[in-house]
Each structure stands twice: as structure tokens, then as C-alpha cells.
Amino acid sequence: MPQQFWKPGTDKPRILEDEEGGVVFFAPSLSSASSSSSRFGYASIGSQRQRLPVYKYRTAILYLVETHATTIIVGETGSGKTTQIPQYLKEAGWADGGRVIACTQPRRLAVQSVASRVAEEMDVKLGEEVGYTIRFEDVTNPAATMIKFLTDGVLLREIMDDPLLTKYSVIMVDEAHERSISTDILLGLLKKIQRRRPELRLIISSATIEAKSMSDFFQTSKKHRGPEDHEFVPRKVPAVLSVEGRGFNVQIHYVVEPVSDYVQATVSTVLSIHDQEPAGDILVFLTGQDDIDAAIQLLAEEAHASRKISSGLIVLPLYSSLPRAEQDLVFSPTPRGKRKVVISTNIAETSLTLEGVVYVVDSGFSKQQFYNPISDIENLVVAPISKASARQRAGRAGRVRPGKCYRLYTEEYFVNEMSSVGIPEMQRSKLVSCVIQLKALGIDNILGFDWPASPPPEAMIRALEVLYSLGVLDDDAKLTSPVGFQAAEIPLDPMISKMILSSNQLGCSEEIITIAAILSIQSIWVSGKGVQKELDEAKLRFAAAEGDHVTFLNVYKGFLQSGKSSQWCHKNYMNYQAMKKVIEIREQLRRTALRLGIVLRSCEGDILAVRKAVTAGFFANASRLEAFSHNGMYKTVRGSQEVYIHPSSVLFRVNPKWVIYHSLVSTDRQYMRNAMTIDPSWLTEAAPHFFQNLRRPDPIAH
Ligand SMILES: Nc1ncnc2c1ncn2[C@@H]1O[C@H](COP(=O)(O)OP(=O)(O)OP(=O)(O)O)[C@@H](O)[C@H]1O
């Protein structure tokens, strides 16, 4: 049982070293917030705010922001950075005269939840003085909003319309340690904007950021060849502030021996917490929808087997492709006598406060994208997290009362083997979306851009090549008109954007928007564990000879005809939540399409048009069955990589000669997910430049 299993350890708060080179450092002169019982329950919001560690630094923060162009703030999770600093700035007048204070987050869920909390603390209606903007959703009032929370991706899009972000007086880039592609582009651009707008203030904040390297980035200036960068401009030295003290103590427990199956270990840990620990909700970190579904199923089975210990558990999944209403359930109060178990991906890792959470279970893994620019293959793999992530995960406990974090890895592993920070997304991702965004922002010399961490040049070149072939960039690597500008407006992978734009000419935009919505969901089928045979039979009922994309259209039609019924989904082994999310995304995409002047039209069963539109976006993912292959081996047309049709595809074992796929997954082999048959002549039609000069002289021959 876990009490023999777990060994308590300490995860000491990071003490910031005194920095050299003129960096301002505040010694921890003030004691941390107490965890006395008076903080339980009934304190008013006003007094709760004053007891947060960051409150004691209020004057220091305001002084530094006043006197420095950039302030880097490092403070423990839960110390009050996200919710308090924007309010201090507002109170000090930074939102006077119609100016706005912005606070960015890497994730949508965090944006919504911190905005609601700050509106509640300020006792104002969300969407008025305090608002938020995420992709496809703007809850602000331009005449009233003073504090605006938004994803870093949305702020980047705002730069397209207002290159100097003139309405903002202070921009706080929160959770900067995450180093998403958007955060990195944003940091590079903000540094440029500061040169033109000396009055703009930046705050870079995180519990786990490497303050030294961030400070170096903001104080050195890189010479560019761009016209505005012809002279060397020294940066104002950034201030670094360490907020000492944490909310409540979080006791860390490690396993004594490494675990072999983290899903199983998660379930046992949850059940033993429920059996032995006092009241309090549990937040579990797993890697993705598949793991989460498996854990929920296992919990249900074990709960059934041991009725006594599992009664009173309310189990809720949390991942990005879950419909909004389902996501919101995790914030609802836990009924008396019950215990909520939220099983989440890393979308709950930063900035979130789930009020009832006392226990965190950390599997030690997350799904991460890895891209090899040489083979042009991108894989989403389950990989170990960094210490920074582990600390963020533990920090989801101890926010409103003391907590415990159970790490499913050994202390020795944490101390000696876990990397301190993750690899920036920029250095392990395909850069197609990033390049189109920079181009839309008018950054022409992408290789010379001032990045916090430079991306691999090969990945940049690959991205430029794909965008050129998609017709998004011209011979001078500038956005084409209208395709390039329109594609940049659609906040999706440019391959999907191109597919949508092509559907306009081909008269099948309604169908293509459905396909685009389904492709953005991890899977519309229920997880196959234990029901593989039934699942395969269900798929056959919808299967189209042309492949998965056309099968999706059959599924969607069936779902609509059933009146969007959950029983229908259940009967057909379809994930009802995923289908509801498809409807949600589809509506958002239809609105975007209308804005771009795309005519919403159905091709009324002209599947050829649909397949051609898909090919127009995804020609770069074409592959051909190897002649004489008995095991279904394909070679990609570009790169000659060995790939196979994924077992979940309706084309598995059918092995048509030519296919295009949506993405690759790597397990024992490289598998093509979501494959569709094509006529190879469509490839040269869609992208003549892309398919010329291939090493194989006859790539397009039948
Ligand atoms: N929705 C909420 N309900 C109750 N208390 C909350 C809520 N949101 C925040 N708090 C309280 O405010 C504290 C500070 O939260 P805040 O998000 O500002 O901290 P932070 O320093 O930004 O942490 P992190 O780095 O984890 O995002 C929390 O520890 C908690 O005590």
C-alpha cells in the first residue's frame, strides 16, 4: 500500500542567487505568508489578498516597474503574481487615460480562470474593467477594460493590427518559463517594440524562470539588418525581483522504486489517498486523452471491485479538446462528503487554482512535440517532464490550504536526472505556423530575428519551403495576396488553412470545415482498450473507401441525423464529448471563414472536390506504397521515409498505392494517422514546385 510506498522529501524553494552586472536584487527581508488556520475558509477576499507573499513587495514592484523598462519577477507558485500584480498596477494608475494592462498566459483555460478570479476580487463584472481574450472569444469592453488577460498567441495577433501595441501601458508575460513558440516570438517582438516605445513597461514572471538568461536577453541588443535596427541601442538593465515566501506548505512524496506503469500507479495512489487521507480534492497529471481515458476506466473497474474505498469519488477528465462545459466542471464546488478527482494533461499545470485541491499526483510525464528537420518528421511523444514542470504541478496544491504532492518517480531521479528546464518549443517543433506569423508581422529577416533561443536553421528552411509550395509565400519570401494574407488570418496550421481556402474554389467549404474541426481533435472514437473488436466494427459502418477524411464526413452526418445524441455515440463507440467539441470548433471556423469572404457551400456528395481540397493543403504529406511491399510499407514522396498506415485508419491493411496523411505518430514504426487515397496527378497540380527536382525521377508515375 502506498504508505509503505511513499517517502517524504523536500522540494526546496529556489533561492535566487545575487546577480552580477547591475541587476537589482531584493533580499528576502520579509517572512513568508503564514499558514495559520485563520487563512482557512472565511477570510474576506481583501484580507486574503493582503496575506499573499507578493503583497509585501507591492511597493518594490511598483517602484521597479516605474524605473525599469523590464522587470523580471520570480516567485513561488501561489505567491500571487498573476492575480495581484495587474491589480497593483491598476491601483497605481497604469490603466488611467484609457490605457490597458495586459497579462499573457500560455493556455486558454488559465486565461479564463484568472480573469474570473481577478474580476471577483475587484468585485466587477467579467468583461468590463477586467476582461479576457482567447482564440475565437473576446470578453472585453474596449471602452471599459483596464486589465486584460490573454494568451500570448492572441497578443501576437494583435501586433498584426497594432504593431506597437499602443493601447498597452504594461505587458506582463506570465509563466514565461514555458517557452512556447508564441512566448518566444512575443519576447523577441516586445524587445523590438520597447525600442520604439520607451514608455512601455514589461514584466516577465514565473515561479521557475532562469532570471539570469532572461535578464541577459533583455539587456543585450543584437544587430539586425532590418532598416530600423541599423544602430546598436543599449538596453536598459532589467530589474530582477525575487518574491520570497509561499502560500502554504506542500509536502512532497516520492516513490521508493521507479514505477513501471504510471497509469496503474496513478490509480492506486488516488485510491489510497481516498482511503487514508482527510478530505480534499485530488489533481492528477497524466499525458493525454488516451492516458486519461485509460485511468478513468481503470478507476471505475477498481472502484467496482472495492466498493468500500471508492465510494464518494467524482472523477473528471481535463484536456484541451474537451468541450468547454465539461472543462468548467472542474471548477464547480465539490458536494459535501464527496471527493473530486481531476485527471488532467499539463493544461492545469500553470496559473490554475482549483480551490478544493489538496493532493497532487504527478506521473512525471507529458506529451511533447519533437521535430526532426532532416527527415521532416514531427512526433508527439510521451517524454519526462522537467523540474520546472514538476514544481508547477506541485504548486497546484497548497494554494488555499496545506497540501501534498505524490511524485511517481524517485527522489534520486528528481535530484540527479530530471532536467531543470524543458527544451523551448521553438527548438523541437515544426516552424511553419511560426514563420507565417512572423511574415504577417512584417519580419522579413527571420533567421536574423532576435530570439531568446535560436531555432535550428534547417527547421526554418523547411518551413519556408512548405509555405512557398502552399502558395503562401512568393519568390521574395513575402506573403502572397490574397492566399498568404488569408492563411495568416486563420489561427490554424497553414496546411489546414490552405485546405479551407482551396475548398472555396472547389465549392466544398462546409465539408472541409467539418474535416478541419475533426482533425483538430485527438480522436473522435472511444479509447480502444478492451473494446477493439466492437470499435473496428463500428468504424466499418462509416468507413469510406477513400479513407479517413471522407469517413469523418459520414460520421458527422450520422451524428447530426441522430439529433446529436449521446446514446447514438455510445452505440457507435464514438466519444460524445469529442463530437460536441467538433461542433464547437466547427462553428468557430465557419465564423472565421465568413470573415475571410469564403462562401459556405456544400458540394452535396462531390467527394472528388473534397479530396482535391485536402490534397491542396496536405500534398507535402504524400506517400507511395513500395512496389512489392508485403507488409504495407510506404515511402514519403519528400524525404523517402519509411511509413505505415496507422491501425486506427480505415485504410489499414487496404494499402492503396498513393495516400496523403494528416500526421505521423511514432511507436515501433512511423505510422500515418488519418490517411486518404489520392490520384498522384493532383500532387503536381497542387504544388508543381514542390514535386520538381526530386531525386526519384518518376515520383508521380502510377
Ligand atoms: N479561483 C481562486 N479561488 C480561490 N483562491 C484563489 C483563486 N485564484 C487564486 N487564488 C488565491 O490566490 C493565490 C495566488 O494566485 P496566483 O495565481 O496569483 O499566484 P501565482 O503566483 O501567479 O501562482 P502560479 O505561478 O502558480 O500561477 C492562490 O494561491 C490562492 O490562494
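Residues numbered from 1 in each chain as written. Predicted model: local features only at pLDDT ≥ 70, side-chain atom pairs only at ≥ 80, totals over all residues.

An unreviewed UniProt entry annotates the chain as RNA helicase of Salix koriyanagi. The annotation that UniProt attaches to the chain under Catalytic activity (unreviewed entry) is "ATP + H2O = ADP + phosphate + H(+)". (UniProt positions renumbered as here; feature names shortened; annotations may be inferred.)

This brings us to the overall build of the chain. Of the regular secondary structure elements, the chain holds 25 helices and 22 strands. Of all 702 residues assigned to the chain, the portion counted as buried reaches 46%. Here the contacts in the chain between residues at least 6 apart in sequence split such that 73% fall between residues at least 24 apart. (Helix = DSSP H or I, 4+ residues; strand = E, 2+ residues; numbered from the N terminus. Buried ≥ 20, exposed ≤ 12 C-beta atoms within 10 Å, placed from the backbone. Contact = placed C-beta atoms within 7 Å.)

The interhelical angle for the contact between helix α19 (residues 509–519) and helix α21 (residues 548–561), taken along N-to-C directions, is 100°, at an axis separation of 9 Å. Comparing their axes, α21 and α19 come out roughly perpendicular. Where α19 abuts α21, its residues E511, T514, I515 and I518 lie against H549, F552, L553 and Y556. Residue composition of the contact of α19 with α21, by class: 5 nonpolar, 2 polar and 1 charged. (Axes fitted to C-alpha atoms, helices over the stretch in contact; angles between N-to-C directions. Parallel < 35°, antiparallel > 145°, perpendicular 65-115°, else oblique. Nonpolar A, V, L, I, M, F, W, Y, C, P; charged D, E, K, R; others polar.)

Turning our eyes to something else, we now look at the site of the ligand. Close to the ligand lie 20 residues; T77, G78, T82, T83 and T353 are nearest. Considering each element in turn, the shell around the ligand owes the most residues, 4 residues, to helix α4 (residues 81–91). Residue classes in the shell around the ligand are distributed as 3 nonpolar, 13 polar and 4 charged. Taken domain by domain, the shell around the ligand gets at least three of its residues from each of domain 1 (14–243) and domain 2 (250–423). (Near = placed C-beta within 6 Å. Domains from an automatic or database assignment.)

For the rest of this paragraph, the subject is the sheet that holds strand β22 (residues 670–677). Strand order in the closed barrel formed by 5 strands is β18-β19-β20-β22-β21, with mixed pairing between adjacent strands. Put simply, the sheet's adjacent strands are angled 50° from each other on average, direction ignored. One ladder, built from 7 bridges, connects strand β21 (residues 658–666) with β22; its direction is antiparallel. Residue pairing in the sheet places Y661 in a bridge with A675 of β22. (Pairing = 2+ DSSP bridges.)

With that settled, consider unusual backbone geometry. Along the chain, S481 connects to P482 via a cis peptide bond; the corresponding omega equals 5°. Here P482 shows up in the loop between α16 (457–469) and α17 (483–489). Positive phi outside glycine occurs at L165, with the angle close to 50°.

This paragraph deals with the sheet that holds strand β3 (residues 100–105). Overall, mixed pairing links the 8 strands, which are arranged β5-β4-β6-β3-β7-β8-β2-β9 in an open sheet. In this open sheet, the two edge strands, each paired with only one partner strand, are β5 (137–139) and β9 (239–243). Strand-to-strand twist in this sheet, taken as the mean axis angle between neighbours without regard to direction, amounts to 20°. In terms of strand pairing, strand β2 (residues 70–75) meets β9 through 5 bridges, oriented parallel. When the sheet's bridge partners are listed, I72 is paired in β9 with V240. Contacts from helix α3 (residues 58–67) reach β2, β7 (168–174), β8 (201–206) and β9 within the one sheet, and its direction differs from that of β9 by about 165°.

Bringing the environment of E129 into the picture now. By the secondary structure assignment, E129 is in the loop between α5 (108–122) and β4 (130–134). On a C-alpha basis, the gap between E129 and A144 in space is 5.3 Å, while along the polypeptide they are 15 residues apart. Here E129 is in contact with M122, V124, A144, T145, M146 and I147, once residues within four sequence places are set aside.

Time to look at the pairing of β3. Counted residue by residue, β3 has 6 buried out of 6 residues, so it is predominantly covered. Because side chains alternate across β3, one face comprises the buried residues V100, A102 and T104, and the other comprises I101, C103 and Q105, equally buried. As defined by bridge partners, β3 adjoins β7 across 5 bridges and the pair is classed as parallel. Bridge pairing in β7 places V100 opposite Y168. Across 5 bridges, β3 lies against strand β6 (residues 147–151) in parallel orientation. Residue pairing across strands places Q105 opposite T151, the latter belonging to β6.

Each full turn of the α-helix corresponds to 3.6 residues, which orients residues three or four apart in the same direction. Here helix α9 (residues 262–276) is 15 residues long and its end C-alpha atoms lie 21 Å apart, about the 21 Å a rise of 1.5 Å per residue gives. Of all the residues in α9, the buried ones are Y262, V263, A265, T266, V267, T269, V270, L271 and I273. (Expected span 1.5 Å × (residues − 1).)

A low pLDDT score tells you not to read the predicted coordinates there in detail. Considering every residue of the chain, the mean pLDDT works out to 86; 89% of them sit at 70 or more. For the chain, per-element mean pLDDT is lowest for helix α1 (residues 2–5), which scores 37, and highest for β6, which scores 98. Predicted confidence is poor over residues 1–42, with pLDDT under 50, and the contacts of this stretch with residues over four places away or in other chains come to 65 contacts. Contacts of residues 695–702 to residues separated by more than four positions or lying in other chains number 9 contacts, the stretch itself having pLDDT below 50. As a predicted assembly, this complex carries a pTM of 0.81 together with an ipTM value of 0.97. (pLDDT = per-residue confidence, 0-100.)

The next subject is the nonpolar core. Judged by nonpolar contacts, the single largest core of 186 residues is most densely connected at I101, V284, M499, I500, A516 and F619. For M499, the contacting residues outside a window of four places in its chain are I512, A516, A613, V614, A616, G617 and F618. (Core = buried A, V, L, I, M, F, W, Y, C linked by C-beta atoms within 7 Å.)

Turning to α21, a few remarks are in order. Relative to the 20 Å expected for 14 residues at 1.5 Å per residue, α21 spans 20 Å between its end C-alpha atoms, a close match to the ideal helical length. If you check which residues of α21 are buried, you get D548, H549, V550, T551, F552, L553, V555, Y556 and F559. Those residues of α21 hidden inside the fold are in contact with α19, α20 (532–542), α22 (566–571), α23 (576–595), α24 (607–618) and β22. Directly after α21, the chain includes G563, whose backbone phi takes a positive value near 75°.

Helices that pack against each other are described as a pair by the angle of their axes relative to one another and the distance between those axes. Between helix α6 (residues 152–161) and helix α7 (residues 181–196), the shortest axis-to-axis distance is 9 Å and the interhelical angle comes to 45°. By the angle between their axes, α6 is oblique relative to α7. In this structure, α6 meets α7 at a crossing whose hand is left-handed. Contacts from D152, G153, L155, L156 and I159 of α6 reach α7 at S182, T183, I185, L186 and L189. Tallied by class, residues from the contact of α6 with α7 come to 6 nonpolar, 3 polar and 1 charged. (Left-handed = near helix turned anticlockwise from the far one by under 90°.)

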